[in-house]
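Coordinate inspection notes
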Amino acid sequence: MLRQHLHPSSWARFLFGPAQRGDYTAPVVHRHDDFEQASEMDLAGFEVETDAQGHHYAVRREDLPKEQV
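Let me begin by describing the structure that accompanies this report.

1. Quick notes on the overall build of the chain
Within the chain, the secondary structure is distributed over 3 helices and 2 strands. Reading the helices (α) and strands (β) of the chain from amino to carboxyl end gives α-α-α-β-β. By the burial criterion, 3% of the 69 residues in the chain qualify as buried. Working note: accessible area of the chain is about 7100 Å², and carbon and sulfur atoms make up 55% of it.

2. Brief notes about the packing of aromatic side chains
Using the criterion set out here, one finds 1 aromatic pair in the structure. Here W11 and F14 contribute two aromatic rings whose centre-to-centre distance is 5.6 Å and whose plane-to-plane angle is 90 degrees, an arrangement assigned as edge-to-face. On the criterion of helical spacing, the pair formed by W11 and F14 is a turn pair, its members being 3 residues apart in helix α2 (residues 8-16). Among the residues examined, W11 registers a relative accessible area of 26% and is labelled partly exposed.

3. Describing the pairing of strand β1 (residues 46-50)
Bridge analysis of β1 against strand β2 (residues 56-60) gives 5 bridges, and the strand direction is antiparallel. By the bridge assignment, E49 is partnered in β2 with Y57. From the end of β1 to the start of β2, which pair antiparallel, there are 5 residues, and G54 there has a positive phi angle of about 90 degrees.

Scoring rules and cut-offs
Residues numbered from 1 in each chain as written. Predicted model: local features only at pLDDT ≥ 70, side-chain atom pairs only at ≥ 80, totals over all residues. Heavy atoms only, no water. Helix = DSSP H or I, 4+ residues; strand = E, 2+ residues; numbered from the N terminus. Buried < 20%, exposed > 50% of the residue type's maximum accessible area, 1.4 Å probe, protein only. Areas by Shrake-Rupley, 256 points an atom, 1.4 Å probe, with all protein chains shown as cover. Phe/Tyr/Trp six-rings, centres within 6.5 Å; stacked < 30°, edge-to-face > 60°. Pairing = 2+ DSSP bridges.

As C-alpha cells, then:
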C-alpha cells in the first residue's frame, strides 16, 4: 500500500533521510591538489574562440596562426 503512493524521490528520502544542506553563503574552497593543477595545465593549452553567431569553442594554441597566439 505504501509503495503505490511514494514517488521515487520520496523513497530515497524515506530510506536515506532528508538531504543535508550546508551553509550556501560560505565561499567555495579550492584545494589546488595535483588533479586540479594537472587540469589547469591541460586547459592552458587552449584558447576560446567565438564565431559570427556567438558560439564559443576551444582551439589548441598550437593550431592557431602565430599572430593570434
